[in-house]
Protein chains: 2
Amino acid sequence: MAEARVSLARLRDFITLALTRLGLPAADAQIVGGLMAQAELQGSDGHGVIRLLPYARRIRAGGINLMPDIKVLQERPGMALLDGDNAMGHLVMQRAAQLAIDKARTCGIAWVGSRLSNHAGPASLYARMPMAHDMIGLYFAVGNANHLPPWGGLDMLLSTNPIAVAVPAGAEPPVVLDMATTVAAYGKVKAKAQRGEQMPIGWMIDRLGQPLTDPKRAEEGFLMPIGGYKGYGLALIVGLLAGTLNGAAMGSEVIDFNHDDTTTTNTGQAIMAIDLSAFGDVAGFKARVDQLVRELRASERLPGVERIWLPGEQSHERREANQRDGIPIGAGLLQQLDAFAAELGIPRLQAP
Amino acid sequence: MAEARVSLARLRDFITLALTRLGLPAADAQIVGGLMAQAELQGSDGHGVIRLLPYARRIRAGGINLMPDIKVLQERPGMALLDGDNAMGHLVMQRAAQLAIDKARTCGIAWVGSRLSNHAGPASLYARMPMAHDMIGLYFAVGNANHLPPWGGLDMLLSTNPIAVAVPAGAEPPVVLDMATTVAAYGKVKAKAQRGEQMPIGWMIDRLGQPLTDPKRAEEGFLMPIGGYKGYGLALIVGLLAGTLNGAAMGSEVIDFNHDDTTTTNTGQAIMAIDLSAFGDVAGFKARVDQLVRELRASERLPGVERIWLPGEQSHERREANQRDGIPIGAGLLQQLDAFAAELGIPRLQAP
């Protein structure tokens, strides 16, 4: 079986139908399916359709509330704290983003945190949402498995806790940073394992401090933070803002969702929206971003460097290419999805 | 001449008197002197009294407005944009922090940005201010000289753009991250030069990509971002939030204040306050932070590691030690300050 290419609509409908068969109400399945397909469209392959099977495992084990009552626990004009009621994280974060956007219209900025949420896919999905309203988006999350010890330590008490920030531009693609506070996200380790590839030196070390490059041995070691103690500090701060502040899991409370399908993860996330119009002329801001982007791109380059990239520019090109040519699904993953479709009694992702 | 130790009050009064002689109104000189002494107290030696001479040079050259009208340009319930009127940055940021704290009391969170500000010392000074009001503080700034090219590039279009976040704890010291988005801040390079020390490999490279370790040759090379392209992305995002969003200088607009004493720097900064009480019980939050801090500190350690540190814990210990034993001022710096005191006709920092 070879790699397949499928349209965004087909991928979305496939995931949506699968989630419906797993028991999600149709409207919720559509939201999650749409966001998972968007993740795949932008090349976030560690957070896209590859997650369907682990999600299914958790849903079937009773680890997700399929009929959640997502509600506001605390509220001020510029903030809210959501109780996700153990729903699929995509549903909680879609609601959080909408609420942050609404509140930022009045306050200029807004912050919405969550507790009792779950894994919600790539951080940039949510950081990007305010952009359609001429707002900057920021997103912070506690990862769903600890792979990072404190600097100098061995106990894995921190996760890859990602940061995403999306800044609208004018004619240029938006500037979208989406980064784990570790050198590599754990989803990328899983994707390497899936493809049977080795990891570069620097992604992980083992408990003796030696480089670990075989993704199948990932559980014997831990991820490295960016910039040493600085990345440790960033991972901790993101965890305090997205987890501890919201009364969500942090440190040893974090559930490893790779090995535990039933315990409530109590995932914490936070999204922030900054309304550009509160700061002045929106078109003027976008023109300044365009100018800055062009200046950076035109920089003289180190020998051997073909092009200067802006954060989010490669995802932007991937999104356009995948929209045009279809989204590539690797042969191994496609085989798993076909088997899963047969099990659920739904049509395969790709027509035979 | 040997290293001296001076009290916080003595250092503050010395700087304040010097600034008064340079033309700052007494009340403004007191604010700046107090903050510069606080910087030195916490061990931020790249941002403390070492800056008095460059500030004096800029003030004498007419590069600072000594009678500024710092005013609110844009305002919403949860945000404000300040026009710093080219004042000393400390004055602008002190005002910004106060405004953010006031607004966060109502909105739950608040964000105050600045344009036409100037260098304001270490980022953590301002991120720490909301803590006295049971708030988390965040601070972002555009650095005052570009030392960082885009990833893969040679044109120094970005600065070390720092991030600081201060999170209150209960019985434990607060968690305070204060980091440049480069492996080392440029102030640390200057401090190495001041002390006649070499830099570690990894702080800077030259235009051929070779390690640069002599801080006296710093102008021939550039700083390295943390985590490679990730640090480049962070520096850019901080610059967009603290600079571009506020209509402050960014990219090629940034003035190198090491070489230009007269052009208005149009420095951009941003401070954010998050009111803990908006999210729930404050004491409960602080207890959760204490628990997390203790958990991290108790981690099993890599061979050779004596202690796990939390972000800000070393500064905290430095602050307590310096309060007790006096603030150490290196012999070289003391000599410069003595000469400067003689020139201004004010008493030396240390009584003879």
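Residues numbered from 1 in each chain as written. Chains lettered and ligands numbered in written order. Predicted model: local features only at pLDDT ≥ 70, side-chain atom pairs only at ≥ 80, totals over all residues.

Novice: Run through the overall build of chain A, naming residues and quoting values.
Specialist: Scanning chain A from N- to C-terminus turns up eleven helices and twelve strands. Computed over C-alpha atoms, the radius of gyration of chain A comes to 20 Å, within 12% of the 20 Å expected from 2.2 N^0.38 for 352 residues, which places it in the range of a compact globule. Along the first, second and third principal axes, the C-alpha atoms of chain A reach 55 × 50 × 45 Å. The buried share among the 352 residues of chain A stands at 57%. (Helix = DSSP H or I, 4+ residues; strand = E, 2+ residues; numbered from the N terminus. Rg over C-alpha atoms; globule rule 2.2 N^0.38 Å. Buried ≥ 20, exposed ≤ 12 C-beta atoms within 10 Å, placed from the backbone.)

Novice: Go over the interface of chain B and chain A, please, and point to the residues and values.
Specialist: Facing the 59 residues of chain B at the interface are 59 residues of chain A. Of the residues assigned to the side of chain B that touches chain A, the class counts are 34 nonpolar, 18 polar and seven charged. (Contact = placed C-beta atoms within 7 Å. Nonpolar A, V, L, I, M, F, W, Y, C, P; charged D, E, K, R; others polar.)

Novice: Can you break down unusual backbone geometry residue by residue, with the values?
Specialist: Phi at N266(A) is positive, roughly 50°, even though this residue is not glycine. Among the structural elements, N266(A) can be located in the loop between α7 (229–242) and β11 (267–275). The backbone of D134(B) sits at a positive phi, close to 55°, despite the residue not being glycine.

Novice: Could you give an account of the sheet that holds strand β9 (residues 211–212) of chain A, with specific residues and numbers?
Specialist: Residues and elements named next belong to chain A. The strand order β9-β8-β10 describes an open sheet built from three strands, whose pairing is antiparallel. Strand pairing shows two members of the sheet lacking a second neighbour, β9 and β10 (221–223), which therefore form its edges. The sheet contact formed by strand β8 (residues 204–206) and β10 spans three bridges and is antiparallel. When the bridges of β10 are listed, D206 appears paired with G221. (Pairing = 2+ DSSP bridges.)

Novice: Can you tell me about the relation of the copies chain B and chain A, naming the residues and giving the values?
Specialist: Least-squares fitting of chain B to chain A yields an RMSD of 0.0 Å, with the transformation described by 0.0 Å of translation along the axis and a rotation of 180°. This pairing of chains is accounted for by a two-fold axis. Rotation axis and chain B: the residue whose C-alpha lies nearest the axis is G227(B), separated from it by 2.6 Å. Comparing interface residues between copies, 100% of those in chain B also sit at the interface in chain A, which points to an isologous, same-surface contact. (Least-squares fit on C-alpha atoms with pLDDT ≥ 70 in both.)

Novice: Pulling in residues and values, what's your account of the packing of helix α1 (residues 8–21) of chain B against helix α2 (residues 26–41) of chain B?
Specialist: Residue and element names in this part refer to chain B. Axis separation between α1 and α2 bottoms out at 8 Å; the angle between their running directions is 140°. Considered as vectors, α1 and α2 are oriented oblique to each other. You can see that α1 and α2 cross each other, and the crossing is right-handed. Where α1 approaches α2, its residues L8, L11, R12, I15, T16, L19 and T20 are matched on the opposing element by A26, A29, Q30, V32, G33, G34, M36, A37, E40 and L41. Its residues assigned to classes, the contact of α1 with α2 shows ten nonpolar, five polar and two charged. (Axes fitted to C-alpha atoms, helices over the stretch in contact; angles between N-to-C directions. Parallel < 35°, antiparallel > 145°, perpendicular 65-115°, else oblique. Left-handed = near helix turned anticlockwise from the far one by under 90°.)

Novice: Explain the environment of S117(B) to me, using residue names and the numbers behind them.
Specialist: Residue and element names in this part refer to chain B. By the secondary structure assignment, S117 is in strand β4 (residues 109–117). Remark: the alpha-carbon pair of S117 and Y186, spanning 69 residues in sequence, is separated by 19 Å. Setting aside anything within four residues of it in sequence, one finds S117 in contact with G84, G89, V92, M93, T267, G268 and Q269.

Novice: Break down the nonpolar core for me, with residues and values.
Specialist: Among the nonpolar cores identified, the biggest contains 237 residues, and A100(A), V112(A), A100(B) and V112(B) are the most heavily contacted of them. Setting aside its immediate chain neighbours within four residues, A100(A) contacts A110(A), W111(A), V112(A), P130(A), I271(A), M272(A) and A273(A). (Core = buried A, V, L, I, M, F, W, Y, C linked by C-beta atoms within 7 Å.)

Novice: Tell me about the domain arrangement of chain A, residues and numbers included.
Specialist: When the parts of a complex come together, some accessible area is lost, and that lost area is often taken as the interface size. All names here are of chain A. Looking at the assigned domains, one finds that chain A contains domain 1 (1–60 + 322–352), domain 2 (68–182 + 228–278) and domain 3 (184–224). Taking only C-alpha atoms into account, the centre of domain 1 sits 24 Å from that of domain 2. With eleven residues of domain 1 at the interface, the matching set in domain 2 holds nine residues. Of all the secondary-structure elements, those providing two or more residues to the side of domain 1 that touches domain 2 are α2 (26–41) and α3 (52–60). For the side of domain 1 that touches domain 2, the leading source of residues is α2, giving seven residues. Its residues assigned to classes, the side of domain 1 that touches domain 2 shows five nonpolar, three polar and three charged. (Domains from an automatic or database assignment.)

Novice: Just give me the short version of helix α4 (residues 89–107) of chain B, but keep the residues and values in it.
Specialist: Residues and elements named next belong to chain B. With 19 residues, α4 ought to run about 27 Å at 1.5 Å a step, and its terminal C-alpha atoms sit 26 Å apart, in line with that. Most of α4 is tucked away, with 15 of its 19 residues classed as buried. G108 lies just past α4 and shows a positive phi near 90°. (Expected span 1.5 Å × (residues − 1).)

Novice: Tell me about the environment of G239(A), residues and numbers included.
Specialist: Residue placement: G239(A) occurs in helix α7. Setting aside residues up to four positions removed in sequence, G239(A) forms contacts with V142(A), L158(A), N161(A), T244(A) and M250(A).

Novice: Explain the pairing of β11(A) to me, and be specific about the residues and the numbers.
Specialist: All names here are of chain A. With nine of nine residues buried, β11 lies mostly within the body of the structure. In β11, alternate side chains face the same way, and those of T267, Q269, I271, A273 and D275 on one face and G268, A270, M272 and I274 on the other are all buried. With seven bridges joining them, strand β4 (residues 109–117) and β11 adopt antiparallel strand pairing. What sits directly across from W111, in β11, is M272. Relative to β11, strand β5 (residues 135–141) runs antiparallel, the two sharing seven bridges.

Novice: Can you explain the packing of α2(A) against helix α4 (residues 89–107) of chain A? Please cite residues and give values.
Specialist: All names here are of chain A. Look at α2 against α4: their axes get within 9 Å of each other, and the N-to-C directions meet at 85°. In this view, α2 runs roughly perpendicular relative to α4, as classed from their interaxial angle. Where α2 abuts α4, its residues D28, I31, V32 and L35 lie against H90, L91 and Q94. Residue composition of the contact of α2 with α4, by class: four nonpolar, two polar and one charged.

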